[in-house]
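# Observations on the model geometry
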Amino acid sequence: MTRAHAAPAAAAVIAGRRLELLDKARVYACGITPYDVTHLGHSATFVWVDALARTLRFLGVKPEVCRNITDVDDVLDAAARRAGSSYDVFAAIQQFQFDQDMAALHVRPPEHEPRAHRYVEQVIRLASGLLDAGAAYVSRGSVYFRGQGAEGRAGLDRAAALRLSAECGGRPDDPAKDDPLDVAVWQAGEPGHPAWQSPWGPGRPGWHAECAAMAMSVFGPAVDVHAGGADLRFPHHAYHAAMAEVFTGVRPYARAWFHAGTVTVDGAKMAKSAGNLVLVGKLLATYPPAAVRLMILDRPWGQPWDYRPALLETAANRLDELHRAAGRTAAGRAAGDSAAAGELRRLLATELDVGAALDLAIETGGAAARTLASVLGLN
Ligand SMILES: [Zn+2]
């Protein structure tokens, strides 16, 4: 006797790649460097990762999200020094505020939340492995990963790669390097920074190596989706993936990349120095969390966008429409409900098309609208 199973396929299309999934999905999201308040730009990335995880659950897959905390970082060290605090105490305070913002935005806590300072041993092991593989070298107490080819992985020419590397604290002009695009897996100790013992002398982990070590420690050699803000594409993600692939021999390290579009204000990047930070707490003082979430999600996930207060008003109106549609009765429409549910599934599974899913849910009403509100955390 045979029994028919009608389990639908659980596949998602992300950044043009079709991911067949069985049971679990490993999602690594590059988390915050807790040196300053989180703004709308950071929050948008983590709301999108949350929407991705919720969508995977809707598709019948168990998402396992790992969102790290980069608490060993040169920028953080400088901010802690200015505040007269040690790096770890300073980071813990900033992280507390971040957690409050995430909770207010209904972002579910990740399953794993590794902190860089607890993975120093793993970074030392990673550095040793890269040295053994001939992909790294020791110079003046640092271990450098040979960066050749990392720019090609990101589709950049050398000039653009050098510019981005300098902007991200990659020290391309460091005379200890063989090549400006090499990056520190292990950085020799310097005054004003925390230091740990290593086979190469006292020092601290490099940024990309920290994430590679945390991701591999939590998930093993590969992940299903690697997520983060679009500005992390290069150098951070390109080097993370390159180091992981050399270390494990498993390629590709990530089956798909999920780079959330950058948020600007009046066309400018959000920065404390520019005085244009849009803080989530401030938005939530005037609008419900679901409206802020909807403003972030009602657009293609990978596209950059410009924040204007009018967008919140539009999102609040759209949310009202969705809630009104959810309240409509759908008597005698069982067949229609099931067709709409299937279509919602297809739209969200294909590049998380929240905009089209919302249009459908508002038009159809009833169960479709209730389902979408619940899947996306818009209740
Ligand atoms: Zn990272």
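Refer to the structure presented above.
Residues numbered from 1 in each chain as written. Predicted model: local features only at pLDDT ≥ 70, side-chain atom pairs only at ≥ 80, totals over all residues. Heavy atoms only, no water.

### Concerning a positive patch on the surface
Just so we agree on the cut-off: Patch criteria: residues need more than 30% relative accessible area and no salt bridge. Like-charged residues are merged within 9 Å; nonpolar side chains of Val, Leu, Ile, Met, Phe, Trp and Tyr are merged within 5 Å. All accessibility values rest on the Shrake-Rupley procedure with a 1.4 Å probe; residue burial counts only the protein chains present in the view. We define a salt bridge as a contact between a side-chain nitrogen of Lys or Arg and a carboxyl oxygen of Asp or Glu at a distance within 4 Å. This count recognises Lys and Arg as positive and Asp and Glu as negative, with His and chain-terminal groups excluded. Charge placement uses NZ in Lys and CZ in Arg. For Asp and Glu, CG and CD serve respectively. Runs of H or I in DSSP of at least four residues are treated as helices and runs of E of at least two as strands, each being numbered from the N terminus. Throughout, exposure labels follow a simple rule: accessible area from a 1.4 Å probe, protein chains only, divided by the maximum for the residue type, with under 20% read as buried, over 50% as exposed, and the rest as partly exposed.
Together, K24, R57, K62 and R108 line one region of the surface with positive charge. You can see K62 is positioned in strand β4 (residues 62-67). The class of K62 is partly exposed, set by a relative accessible area of 44%.

### A look at the pairing of strand β7 (residues 183-188)
Cut-off, in case you're wondering: Pairing between strands is defined by DSSP: at least two bridges between the two strands are required.
Taking burial as the measure, the 6 residues of β7 include 6 buried ones, the bulk of the element. Across 3 bridges, strand β6 (residues 142-145) lies against β7 in antiparallel orientation. Paired with F145 across the bridge in β7 is V183. Sheet analysis places β7 next to strand β8 (residues 203-205), joined by 3 bridges and oriented antiparallel. Note on β8: the bridge partner recorded for Q187 is R204.

### Brief notes about the coordination of the zinc ion
Note the following rule: Here the term donor refers to an N, O or S atom within 2.8 Å of the metal (or 3.2 Å for Na, K and Ca), and because water is left out of the atoms, sites may appear incomplete.
Looking at the zinc ion, one finds its protein donor set to be C30 (SG), C211 (SG) and H236 (NE2), positioned 2.0 to 2.1 Å from the metal centre. All donors of the zinc ion belong to a single chain; written as a sequence motif, their spacing is C-x180-C-x24-H. Of this pair, C30 sits in the loop between β3 (24-29) and α1 (40-58) while C211 sits in helix α7 (residues 207-219), placing them 181 residues apart in sequence.

### Structural notes on helix α11 (residues 309-327)
The condition that has to hold: Expected span of a helix: the number of residues minus one, times 1.5 Å. Contacts: residue pairs with any heavy atoms within 4.5 Å of one another.
The terminal C-alpha atoms of α11 lie 28 Å apart, and with 19 residues this matches the ideal 27 Å at 1.5 Å per residue to within 8%. When we look at burial in α11, the residues that qualify are L311, L312, A315, A316, R318, L319, L322, A325 and A326. Where α11 is buried, its residues meet α9 (280-284), α10 (289-297), β13 (305-307), α13 (354-364) and α14 (367-375).

### Overview of the sheet that holds β13
Spatially, the 3 strands line up as an open sheet ordered β12-β11-β13, and their pairing is mixed. For this open sheet the edge positions go to β12 (268-269) and β13, each flanked by a neighbour on one side alone. Both strand β11 (residues 263-265) and β12 contribute to a ladder of 2 bridges, which runs antiparallel. Across the sheet, T264 pairs through a bridge with K269, a residue of β12.

### A short note on the nonpolar core
Which entries qualify depends on this criterion: Here, the term nonpolar core denotes a set of buried Ala, Val, Leu, Ile, Met, Phe, Trp, Tyr and Cys residues that are joined through side-chain atoms within 4.5 Å.
Counting residues in each nonpolar core, the largest one holds 75 residues, and the members touching the most others are L40 and W48. Sort the elements by how many residues they give to this core and α1 lands first, with 10 residues. In contact with W48, other than residues within four places in its own chain, are F258, A260, I296, L297, R299, P300, W301, L352 and V354. With 44 residues, the next largest nonpolar core counts C66, V120, W200 and A238 among its residues.

### Some details on the packing of aromatic side chains
Operational definition: The pairing test for Phe, Tyr and Trp rings, Trp by its six-membered ring, is centres within 6.5 Å, and the orientation test on the planes gives stacked under 30 degrees, edge-to-face over 60, and tilted for anything in between. Distance and angle both matter: a charge sits over a ring if NZ of Lys or CZ of Arg is within 6 Å of the ring centre and within 35 degrees of the ring normal.
Using the criterion set out here, one finds 8 aromatic pairs in the structure. Ring geometry for F258 versus W301: centroids 4.3 Å apart, planes at 25°, classification stacked. With F258 in strand β10 (residues 254-260) and W301 in the loop between α10 and β13, the pair connects residues that are 43 residues apart, well separated along the chain. For W301, a relative accessible area of 10% puts it in the buried group. Following the ring pairs from residue to residue traces out a cluster consisting of W48, F258 and W301. Geometry around F46 places R67 over its ring, the cationic atom sitting 5.6 Å from the centre. Just above the ring of W305 sits the side chain of R299; from NZ or CZ to the centre is 4.0 Å.

### Points about the side chain of R204
How we decide: Whenever two N or O atoms come within 3.5 Å, that pair is a polar contact, provided that in protein one can donate a hydrogen and the other can accept it, and provided that, for residues adjacent in sequence, both atoms are side-chain atoms.
Within the fold, R204 resides in strand β8. Of note is the side chain of R204, whose polar atom sits 3.0 Å from the side chain of D74. Only 2.7 Å separates the side chain of R204 from the side chain of E190, close enough to count as a polar contact. Contacts of R204, omitting those with residues within four sequence positions, involve V72, D74, D77, R171, W186, Q187, A188, E190, H193, P194 and W196.

### A word on the pattern of salt bridges
In the structure shown here, the tally under the stated rule is 19 salt bridges. A salt bridge links R153 to E245, with the shortest nitrogen-to-oxygen separation between them at 2.6 Å. In this pair, R153 is assigned in helix α5 (residues 150-153) and E245 in helix α8 (residues 233-248), connecting sequence segments 92 residues apart. Measuring nitrogen to oxygen at the nearest pair gives 2.7 Å for the salt bridge that ties R318 to D298. On the criterion of sequence distance, the pair formed by R318 in helix α11 and D298 in the loop between α10 and β13 is long-range, its members being 20 residues apart. A residue is classified by how much of its surface remains accessible, and R318, at 15% relative accessible area, is buried. Each member of the salt-bridge network shares a partner with another, and the members are D74, R171, E190 and R204.

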